[in-house]
Amino acid sequence: MNIKDLSPAELGEFVSGKGIQPYRARQIGKWIYVRGVSSFDEMTDLSKDLRETLKSAFAVGDSIELAGEQVSKDGTRKYLFRLSDGNRIESVLIPDKKRNTLCVSSQAGCALGCTFCLTGTVGKIRNLKPSEIIDQYLMVNRFTNGSVTNIVFMGMGEPLDNIDNLVRALENLTDRNGPALSPRRITVSTSGLAPRIKELGDRISVNLAVSLNAPTDEIRNKIMPINKRYPIKELLKASVNFPVPPRKALMFEYVMLSGVNDSDKDAYDLGNLLSGINCKLNLIPFNEAQPLPYKSPSMERVLRFQEIVISFGINVRIRKNRGRDILGACGQLAATYPARKTTGGSAAAGAAI
Ligand code: SAH
Ligand code: SF4
């Protein structure tokens, strides 16, 4: 087991269980997360006995291995990582004027089978361990001289289908003896596992993005099988009750698929659905990727859609398509796994979790 698989509290329990003073756990945390050591022997302010105890219980250092890197003409970087069992995941670094956002994966593949998402075509391979989530951040931050400012869980996988490991990773990333990232700089994106949204809010503070993607159950059922399990009404209820960090707003994401959910009527329905909710809406023009069966709407359509939803008093932005040329944009990550099927849409995907 990698020592980063333990939450700060679990590391504290391990240390106190061995009869060692609690402040040692804080020292260990600093060595791992701040100084980034790759062996226990480098932890020079710990006794030799303690280092041996740790060595016999845990691995330290990178839990994943860089297997490839691609740079987009817009500066976006896609990193391919190999896991110790040979599986592969991807992370994407998106530099912007004021921030450098790292989009991380939470699972290899995804069980939810949204019909517009390349990761969904792969199916779920397995959950990532906390160390495998954390190391995407630690390693890319190291490769780029500490430049990562924000983390979004919008890479491969459904983070709330791996909630225990997600929470452990978040606890470490925000721990003041660790990387000490502000919860305001971390966003978890979910396709809408309503009960888990509540659970996440009860367990940790973080920003929440909800992939709404349709204004009615009729449309959402067709593109997101999970909607049959947790329909829009239930999803919205859980979302509005989520405790976002101070001065932050709940975010909704809406992938625009030409001829499917991008009509004027859809925009009015969406405006009605969200009016009165304190939120931001991000429109994501569909990123095309083989073998997905959809088309991206024209920019004119996207702007018209935006204008209608804004007329309901909602804060609506259009997400830039960063890294499309290297298949690094939203929904284009598959780490070169072959697609298991061309379209999802069956209830089986939702039932799998
Ligand atoms: N499983 C989580 C997080 C990963 S997907 C979720 O679904 O929220 C991150 C975002 O990418 C989601 O909002 C999803 O709707 C969007 N997305 C998926 N495929 C896409 C595509 N082909 N084009 C544009 N956005 C896509
Ligand atoms: Fe999974 Fe999110 Fe892709 Fe849906 S959009 S298949 S939940 S990764």
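Sequence order as written defines the numbering, with residues in each chain counted from 1. Labels are handed out in written order, letters beginning with A for the chains and numbers beginning with 1 for the ligands. Only residues with pLDDT of 70 or above have their local features reported here, since the model is predicted, and side-chain atom pairs are shown and tallied only from 80 upward, although totals for entire chains, interfaces and linings are computed over all residues. Water and hydrogen atoms play no part in the side-chain values, which are based on all heavy atoms of the structure.

Trainee: Would you mind showing me how to read the overall build of the chain here?
Mentor: In DSSP terms, a helix is any run of H or I states spanning at least four residues, a strand is any run of E spanning at least two, and both are numbered starting from the N terminus. For the chain, the helix and strand inventory stands at 12 helices and 12 strands. As defined in this context, the radius of gyration uses C-alpha atoms, and a globule is described by 2.2 Å times the residue total to the power 0.38. The globule rule puts the C-alpha radius of gyration for 353 residues at 20 Å, and the 21 Å found for the chain is close to it. If you line up the chain on its principal axes, its C-alpha atoms span 70 × 40 × 40 Å. The cut-offs for exposure are 20% and 50% of the maximum accessible area for each residue type, with area from a 1.4 Å probe on protein chains only; residues under the lower value are buried, those over the upper are exposed, and the others partly exposed. Across the 353 residues of the chain, 54% fall into the buried class. By definition, residues are in contact when any of their heavy atoms lie within 4.5 Å. A separation of at least 24 residues holds for 67% of the contacts in the chain among residues at least 6 apart in sequence. Methods summary: accessible areas were calculated by the Shrake-Rupley approach with a probe of 1.4 Å, and residue burial reflects only the protein chains presented. Carbon and sulfur atoms make up 49% of the accessible area of the chain, which amounts to about 15100 Å² in all. A residue counts as positive if it is Lys or Arg and as negative if it is Asp or Glu; His and the chain ends are not included. Where a charge lies is defined by one atom per residue type: Lys uses NZ, Arg uses CZ, Asp uses CG and Glu uses CD. Once the 48 positive and 36 negative side-chain charges of the chain are each reduced to a mean point, those two points are 3 Å apart.

Trainee: Before we go on, may I ask you to explain the domain arrangement of the chain in this structure?
Mentor: For an interface, size is often stated in terms of accessible area lost upon the parts coming together. Domain annotation of the chain identifies domain 1 (3–57) and domain 2 (65–326). Annotation comment: domain bounds sourced from an automatic or database domain assignment. Once you take the C-alpha centre of each, domain 1 and domain 2 turn out to be 33 Å apart. Tallying the contact residues gives 11 residues for domain 1 and 14 residues for domain 2. Buried area is calculated as the accessible area (1.4 Å probe) missing from two parts once they are joined, with the contributions of both summed. Across the interface of domain 1 and domain 2, roughly 1100 Å² is buried in total on both sides, 51% from carbon and sulfur atoms. For domain 1, the biggest contributors to the area lost against domain 2 are K4, D5 and Y33; these three give 51% of the whole. Salt bridges are counted wherever a side-chain nitrogen of Lys or Arg sits within 4 Å of a carboxyl oxygen of Asp or Glu. Inspection of the domain 1/domain 2 interface yields two salt bridges. As a salt-bridge pair, K4 and D135 come within 2.7 Å of each other at their nearest N and O atoms.

Trainee: Whenever I open this one, a positive patch on the surface confuses me. Can you help?
Mentor: Patch criteria: residues need more than 30% relative accessible area and no salt bridge. Like-charged residues are merged within 9 Å; nonpolar side chains of Val, Leu, Ile, Met, Phe, Trp and Tyr are merged within 5 Å. A cluster of like positive charges, contributed by K97, K98, R99, R185, R247, K248, K280 and R317, occupies part of the molecular surface. On the basis of relative accessible area, K280 is assigned to the partly exposed category, the value being 37%.

Trainee: I'm lost on the nonpolar core in this one. Help?
Mentor: Soluble globular proteins: nonpolar side chains tend toward being buried together. Among buried residues, the Ala, Val, Leu, Ile, Met, Phe, Trp, Tyr and Cys ones that are joined through side-chain atoms within 4.5 Å form a nonpolar core. Formed by 110 residues in total, the largest nonpolar core has its most connected members in F116, L200 and L281. Each of domain 1 (3–57) and domain 2 (65–326) gives at least three residues to this core.

Trainee: Help me out: how do you make sense of the site of ligand 1 in this one?
Mentor: In this text, near means that some heavy atom of the residue lies within 4 Å of the molecule or strand in question. Close to ligand 1 lie 20 residues, the nearest being F116, G157, S189, S211 and N287. For this analysis, a polar contact is any N or O atom pair within 3.5 Å, provided that within protein one partner can donate a hydrogen and the other can accept it, and provided that sequence-adjacent residues contribute only side-chain to side-chain pairs. In this structure, an oxygen atom belonging to ligand 1 sits 2.6 Å away from a side-chain N or O atom of S211. Protein contact buries 96% of the 530 Å² of open area that ligand 1 shows by itself. Two kinds of site are reported from a 1 Å grid over the protein atoms alone, namely cavities, where a 1.4 Å probe fits but cannot get out, and pockets, open sets with protein on both sides within 12 Å along at least five of seven lines, and residues are called lining when an atom falls within 4 Å of a point. To decide whether a molecule occupies a pocket or cavity, check its atoms: if more than half lie within 2 Å of the grid points, it is inside. The pocket occupied by ligand 1, as judged from atoms lying within 2 Å of grid points, is the largest cavity.

Trainee: Would you take a moment to explain the site of ligand 2 for this structure?
Mentor: Lining the immediate surroundings of ligand 2 are C110, L112, G113, C114, C117, G120, G157, E158 and S191. Only Asp, Glu, Lys and Arg are considered charged, only Ala, Val, Leu, Ile, Met, Phe, Trp, Tyr, Cys and Pro nonpolar, and every remaining residue, Gly among them, polar. For the shell around ligand 2, the per-class residue count stands at four nonpolar, four polar and one charged.

Trainee: When you look at the sheet that holds strand β4 (residues 100–103) in this model, what are you seeing that I'm missing?
Mentor: Adjacent strands of a sheet form backbone hydrogen bonds with each other and so pair up, either parallel or antiparallel. Strand pairing is assigned whenever DSSP identifies at least 2 bridges connecting the two strands. Taken in spatial order, the 10 strands make up an open sheet running β1-β2-β3-β4-β7-β8-β9-β10-β11-β12, and their pairing is mixed. Single-partner strands in this sheet number two, and they are β1 (65–71) and β12 (315–318). Ignoring strand direction, the axes of neighbouring strands in this sheet form an average angle of 20°. Of the pairings in the sheet, the one linking β4 to strand β7 (residues 150–153) comprises three bridges and is parallel in character. Its bridge partner being in β7, T101 is matched across the sheet by N150. Contacting β1, β2 (77–82), β3 (88–95), β4 and β7, helix α5 (residues 130–143) crosses the sheet at an angle of about 130° to β2. Only the stretch in contact is used when fitting a helix axis, every axis being a line fitted to C-alpha atoms; angles between N-to-C directions are given from 0 to 180 degrees.

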